[in-house]
Amino acid sequence: MLGQQLENVRKKEPLIHNITNYVTVNDCANILLACGGSPIMADYVGEVEEITAICAGLNINMGTLNPDTISAMVAAGKKSNQLGHPVVLDPVGVGASALRVKAANILTNEVRFTTIRGNSSEIKTLAYGQGTTRGVDADLVDVVTEETIEDTIVFAKSLSERMGSIIAISGAIDIVADTKKAYVIRNGHAMMSRVTGTGCMLSALTSAYLAANPLTPLEATAAAVCAMGLCGEQAFRRLDQLDGNSSYRNYLIDAMYHLDGETLETGARYEEC
Amino acid sequence: MLGQQLENVRKKEPLIHNITNYVTVNDCANILLACGGSPIMADYVGEVEEITAICAGLNINMGTLNPDTISAMVAAGKKSNQLGHPVVLDPVGVGASALRVKAANILTNEVRFTTIRGNSSEIKTLAYGQGTTRGVDADLVDVVTEETIEDTIVFAKSLSERMGSIIAISGAIDIVADTKKAYVIRNGHAMMSRVTGTGCMLSALTSAYLAANPLTPLEATAAAVCAMGLCGEQAFRRLDQLDGNSSYRNYLIDAMYHLDGETLETGARYEEC
Amino acid sequence: MLGQQLENVRKKEPLIHNITNYVTVNDCANILLACGGSPIMADYVGEVEEITAICAGLNINMGTLNPDTISAMVAAGKKSNQLGHPVVLDPVGVGASALRVKAANILTNEVRFTTIRGNSSEIKTLAYGQGTTRGVDADLVDVVTEETIEDTIVFAKSLSERMGSIIAISGAIDIVADTKKAYVIRNGHAMMSRVTGTGCMLSALTSAYLAANPLTPLEATAAAVCAMGLCGEQAFRRLDQLDGNSSYRNYLIDAMYHLDGETLETGARYEEC
């Protein structure tokens, strides 16, 4: 089932509009090309509605935002909603500043997101209006563990209900949930946190999976999360003695370039709850 | 002949001012260093004239533009014209929005470009004022094929006349033309389209080749196009089983780092028409 | 002694706020992760004080600045000063434009920098108010040689006195000095100048070393300079025949990922003067 989500991306080659940060934008573009999609970046409010209109999906990432880009995000998000395109929100570092909390509030009020993807601290901040965000990484107290899985699923389903969005919580254990069903995903590797932008890349990837699978957004999101994690595992196995986080980034994108539906089907480690 | 164009870049080490997008800017900087040039990026209107004045060439790329950067592009372009520096225009995604069409009009009216380089859709949009741009990639109906080469050469020479610029149309077959002469170039590899920024990198490279070869701008542009394509071929041959588009990007820049005039002379595949 | 500076970064995992250019920002993020730190980038004036407050250090890089980011740099710098956080200034290309000279003046007047790091032309421009900056690279007449080491040390100590900052001058020979003591460092490799951002990465790295070693800022700066140079040497030894500047960049960050205190202690080549 998840393998088919991937194959649809390769078949449909969705063009994805990204309004994203300038730190990891190149990696987001290359992961979209790796998975079979195509990227376009544009963040000026005066053109984002037109850009979104020629695309199949929209990826909004709050990594390095300012009032101008927030306006562009809202305009593009509303247009995508009108056109029925999937929209992903990556609330990077929400909770790290009042501006980010406010931006997240504006965005979630004005735009309907198909999927909201972040680490546990970011998602909790979205849910409770404040959090313990330590920069762009999850705070230790928020991390999903075997002991907190059940509670996190309840939390994610409830937040999904409130937001009208699929909720994807990234970490060593990933949770992807809509109001009724959750995927608990155990793909991935700890080294992914030693490369900048693995979360941003996953959000871009999720946009492509959603765009190519409009009828199965939950499965598409789960497939993207499994695919990213599986590539993280493959990239780790490829490391030689001298390779570090920079080579790891290349191997991760390389792995996505080669990933096919069958390998994803075989390698995905998840339970449905 | 083309080999000499390359050697002149290594000898003169031209400093190139880039006003470019934030997606592929790092790759543009590294390809300039790889070819023997040196990059500087600056896009604030209040300093671009001074920056351009200390450079040997200017590369204007419309990838992620806004009104502020358009003003900077015009100011830097005019200053470069005054100083007799070569100026390249890469009209990324023109046709994808009214802003981009307008920006391209302003730029081509206010600035004289030595070379305008884009894919076939972008160049057609420049010529006809509207197009079928699918984001940043060429639309299938616009792609240059064996059947349309002759027509494209006529089109390119005519556009060169109208614009007062060398026209470089990138694709599986590349056309580089001034008013009288055209190069049909068959270097390159399809995998170049699976990496973000190969077009942007070529535009940056072209700026360096023009700056180092002021008396032979057509040959310099053709040499840059052949060099980029040849590096794309070499990078492809270097791929191992696990390598994907991220390693390919690295190999492409690596190949440019090692390319010398003799190898370019031998590997360039082109006809003059 | 220098090895301990490195180990403290791995132990304390300092979060570093970067207000930096969009050219090399991804490499800065990855080198911070490689050394054991953690990066956050934010440059909107309305949030930088909050962002800096949750960090352990601040890295200000003038690479692609404009009036908005200058305001953000000043606000973040003052806040960091209040909080007693270390602040690094990388005056990229100062002297290339009036804006950059003015920005450097504003910054050095309004913010107390723990360390100011640049190439010899940039540091001389800071000292004398004007210079011979050739873009972002040092002018040949400014380069530190065996013959000019003594004079450069006197200059650096005197500038340190005037600025209240540690002065780090990068080049084939590096000088790191406070008012009383200087390190002359001979690590590094010429190929580092063929990759964009090695200077920017060093400034980011220095911020992490300073944040993890608050009581020994001179040693921390010297350790960062040695570490970067040593990684440049290791990366060079790793190059195979086809590798160029793009692979070199990856190997450099990879080397930082693996560098430990003992290796730094053994590999650092410096004299104290």
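Provided above is the structure to which this section pertains.
The text that follows walks through the structure, step by step, so that each part is easy to find. (Residues numbered from 1 in each chain as written. Chains lettered and ligands numbered in written order. Predicted model: local features only at pLDDT ≥ 70, side-chain atom pairs only at ≥ 80, totals over all residues. Heavy atoms only, no water.)

**A few points about the overall build of chain A**
Next, step 1: Secondary structure summary: chain A contains 11 helices and nine strands in total.
Next, step 2: A globule of 273 residues ought to have a C-alpha radius of gyration of about 19 Å, and chain A, at 17 Å, matches this closely.
Next, step 3: Principal-axis analysis of the C-alpha atoms gives chain A an extent of 45 × 40 × 35 Å.
Next, step 4: Put simply, chain A has 273 residues, and 66% of those count as buried.
Next, step 5: The contacts in chain A between residues at least 6 apart in sequence include a share of 73% that link residues at least 24 apart. (Helix = DSSP H or I, 4+ residues; strand = E, 2+ residues; numbered from the N terminus. Rg over C-alpha atoms; globule rule 2.2 N^0.38 Å. Buried < 20%, exposed > 50% of the residue type's maximum accessible area, 1.4 Å probe, protein only. Contact = heavy atoms within 4.5 Å.)

**Quick word on the pairing of strand S1 (residues 15-19) of chain B**
Side chains on a regular strand alternate between the two faces of the sheet.
Residues and elements named next belong to chain B.
Next, step 1: By the criterion of burial, S1 is predominantly enclosed, with five of the five residues buried.
Next, step 2: Of the two faces of S1, both are covered, the one formed by Leu15, His17 and Ile19 as well as the one formed by Ile16 and Asn18.
Next, step 3: Pairing of S1 with strand S2 (residues 38-41) involves four bridges; the strand directions are parallel. Bridge pairing links Leu15 to Ser38 in S2.
Next, step 4: Regarding topology, helix H2 (residues 25-35) serves as the crossover connection from S1 to the parallel S2, and that connection is right-handed.
Next, step 5: The pairing of S1 with strand S3 (residues 57-61) spans four bridges and is classified as parallel. Among the inter-strand pairings, Ile16 is bridged to a residue of S3, identified as Gly57. (Pairing = 2+ DSSP bridges. Right-handed = clockwise from strand over helix to strand, strands pointing away.)

**Quick notes on the relation of the copies chain B and chain A**
Next, step 1: Once chain B has been moved 0.0 Å along the axis and rotated by 120°, it coincides with chain A to within an RMSD of 0.0 Å. Such values leave the two copies arranged in the relation of a three-fold axis. No C-alpha of chain B lies nearer the rotation axis than that of Tyr22 of chain B, which sits 3.5 Å from it.
Next, step 2: Take the interface residues of chain B: only 6% of them recur as interface residues in chain A, which is what a contact between different surfaces looks like. (Least-squares fit on C-alpha atoms with pLDDT ≥ 70 in both.)

**Concerning the interface of chain C and chain B**
Next, step 1: Listed per partner, the contact involves 33 residues of chain C and 29 residues of chain B.
Next, step 2: Here chain C and chain B share an interface that buries about 2,600 Å² over both sides, 49% of which is from carbon and sulfur atoms.
Next, step 3: Our enumeration of links across chain C and chain B arrives at three salt bridges.
Next, step 4: Of the charged contacts, one joins Arg238 of chain B and Asp243 of chain C as a salt bridge, the two residues approaching to 2.3 Å between their closest N and O atoms.
Next, step 5: Taken together, the connections running from chain C to chain B amount to 19 residue pairs in polar contact (both at pLDDT 80 or more).
Next, step 6: Within the residue set of the side of chain C that touches chain B, elements represented by two or more residues are helix H5 (98-110) and helix H10 (245-258) of chain C.
Next, step 7: By residue number, the principal contributor to the side of chain C that touches chain B is H10 of chain C, which donates five residues.
Next, step 8: Looking at the side of chain C that touches chain B residue by residue, the classes come out as 11 nonpolar, 14 polar and eight charged. (Buried area = accessible area lost by both parts, 1.4 Å probe. Salt bridge = Lys/Arg side-chain N within 4 Å of Asp/Glu carboxyl O. Polar contact = N/O pair within 3.5 Å; in protein donor to acceptor, adjacent residues only side chain to side chain. Nonpolar A, V, L, I, M, F, W, Y, C, P; charged D, E, K, R; others polar.)

**What about unusual backbone geometry?**
Next, step 1: Not every positive phi belongs to a glycine, and Glu13 of chain A is a case in point at roughly 45°.
Next, step 2: Within the element layout of this structure, Glu13 of chain A appears in the loop between helix H1 (2-12) and strand S1 (15-19).

**Notes on a negative patch on the surface**
Next, step 1: Negative charge collects at one region of the surface, where Glu7, Asp260, Glu262 and Glu265 of chain A lie side by side.
Next, step 2: Inspection of the secondary structure assignment puts Glu262 of chain A in helix H11 (residues 261-267). (Patch = residues over 30% accessible without salt bridge, like charges linked within 9 Å, V, L, I, M, F, W, Y side chains within 5 Å. Areas by Shrake-Rupley, 256 points an atom, 1.4 Å probe, with all protein chains shown as cover. Lys, Arg positive; Asp, Glu negative; His and termini not counted. Charge placed at Lys NZ, Arg CZ, Asp CG, Glu CD.)

**Observations concerning the sheet that holds strand S6 (residues 166-170) of chain C**
Strand pairing within a sheet occurs via backbone hydrogen bonds; the two strands may be parallel or antiparallel.
Residues and elements named next belong to chain C.
Next, step 1: The nine strands are arranged S2-S1-S3-S4-S5-S6-S7-S8-S9 in an open sheet whose pairing can be described as mixed. The sheet terminates laterally at strand S2 (38-41) and strand S9 (270-272), the two strands that pair on one side only. This sheet shows a mean twist of 20° between the axes of neighbouring strands, independent of strand direction.
Next, step 2: Helix H6 (residues 120-128) rests against strand S4 (87-90), strand S5 (115-119) and S6 of the sheet, and its axis sits at about 125° to S5. (Axes fitted to C-alpha atoms, helices over the stretch in contact; angles between N-to-C directions.)

**Quick look at the packing of aromatic side chains**
All names here are of chain B.
Next, step 1: The full count for this structure, using the stated rule, is six aromatic pairs over all chains.
Next, step 2: Both rings, one in Tyr128 and one in Phe155, keep their centres 5.8 Å apart while their planes meet at 40°; by these two values the pair is tilted. Within this pair, whereas Tyr128 is found in helix H6 (residues 120-128), its partner Phe155 is found in helix H7 (residues 149-163), the two being separated by 27 residues in sequence.
Next, step 3: When the centroid spacing of 5.5 Å and the interplanar angle of 55° are considered together, the rings of Tyr183 and Tyr270 count as tilted. Highlighted residues: Tyr183 in strand S8 (residues 182-185) and Tyr270 in strand S9 (residues 270-272), separated in sequence by 87 residues.
Next, step 4: Residue classification places Tyr183 among the buried residues on the basis of a relative accessible area of 3%.
Next, step 5: Here Tyr270 falls in the partly exposed class, since its relative accessible area comes to 27%. (Phe/Tyr/Trp six-rings, centres within 6.5 Å; stacked < 30°, edge-to-face > 60°.)

**So, the relation of the copies chain C and chain B**
Next, step 1: Between the two copies, chain C and chain B, the superposition gives an RMSD of 0.0 Å; the rotation angle is 120° and the shift along the axis is 0.0 Å.
Next, step 2: Each copy contacts the other with its own distinct surface, as only 6% of the interface residues of chain C are interface residues in chain B too.

**A short note on the side chain of Ser246 of chain C**
Next, step 1: Among the secondary structure elements, Ser246 of chain C is positioned in helix H10.
Next, step 2: Apart from the residues within four sequence positions on either side, Ser246 of chain C is in contact with Asn250, Ile253 and Asp254 of chain B.

**So, the interface of chain B and chain A**
When the parts of a complex come together, some accessible area is lost, and that lost area is often taken as the interface size.
Next, step 1: Listed per partner, the contact involves 34 residues of chain B and 30 residues of chain A.
Next, step 2: Summing both sides of the interface, chain B and chain A together bury roughly 2,600 Å²; the carbon and sulfur share of this comes to 49%.
Next, step 3: Taken together, the links from chain B to chain A amount to three salt bridges.
Next, step 4: Arg238 of chain A is paired through a salt bridge with Asp240 of chain B; the nearest N and O atoms lie 4.0 Å apart.
Next, step 5: There are 19 residue pairs in polar contact (both at pLDDT 80 or more) connecting chain B and chain A.
Next, step 6: At the level of elements, helix H5 (98-110) and helix H10 (245-258) of chain B are the ones that each hand at least two residues to the side of chain B that touches chain A.
Next, step 7: Here the side of chain B that touches chain A takes five residues from H10 of chain B, the largest share from any one element.

**Describing H6 of chain B**
All names here are of chain B.
Next, step 1: Of all nine residues in H6, seven are buried; the element is thus mostly enclosed.
Next, step 2: Where H6 is concerned, the buried positions are Ser120, Ser121, Glu122, Ile123, Thr125, Leu126 and Ala127.
Next, step 3: On the buried face of H6, the contacting elements are strand S4 (87-90), H5, strand S5 (115-119), H7 and strand S6 (166-170).
Next, step 4: Two or three places before Ser121, at the opening of H6, Asn119 has a side-chain oxygen 3.0 Å from that residue's backbone nitrogen.

**Here's the deal with the pattern of salt bridges**
Next, step 1: Following the criterion strictly, the structure yields 36 salt bridges over all chains and no others.
Next, step 2: Arg117 of chain C is the salt-bridge partner of Asp90 of chain C, the closest N and O atoms lying 3.0 Å from each other. Of this pair, Asp90 of chain C sits in strand S4 while Arg117 of chain C sits in strand S5, placing them 27 residues apart in sequence.
Next, step 3: Judged by relative accessible area, which is 1%, Asp90 of chain C ranks as buried.
Next, step 4: Judged by relative accessible area, which is 4%, Arg117 of chain C ranks as buried.
Next, step 5: Within this structure, Arg238 and Asp254 of chain A together with Asp240 and Asp243 of chain B form a network of salt bridges that share partners.

**A word on the environment of Arg10 of chain B**
Residue and element names in this part refer to chain B.
Next, step 1: As for its position among the elements, Arg10 is in helix H1 (residues 2-12).
Next, step 2: Not counting residues within four places of it along the chain, the set of residues in contact with Arg10 comprises Ala34, Cys35, Gly36, Met256, Tyr257, His258 and Leu259.
Next, step 3: One polar contact links the side chain of Arg10 to the main-chain carbonyl oxygen of Tyr257, over a distance of 3.3 Å.

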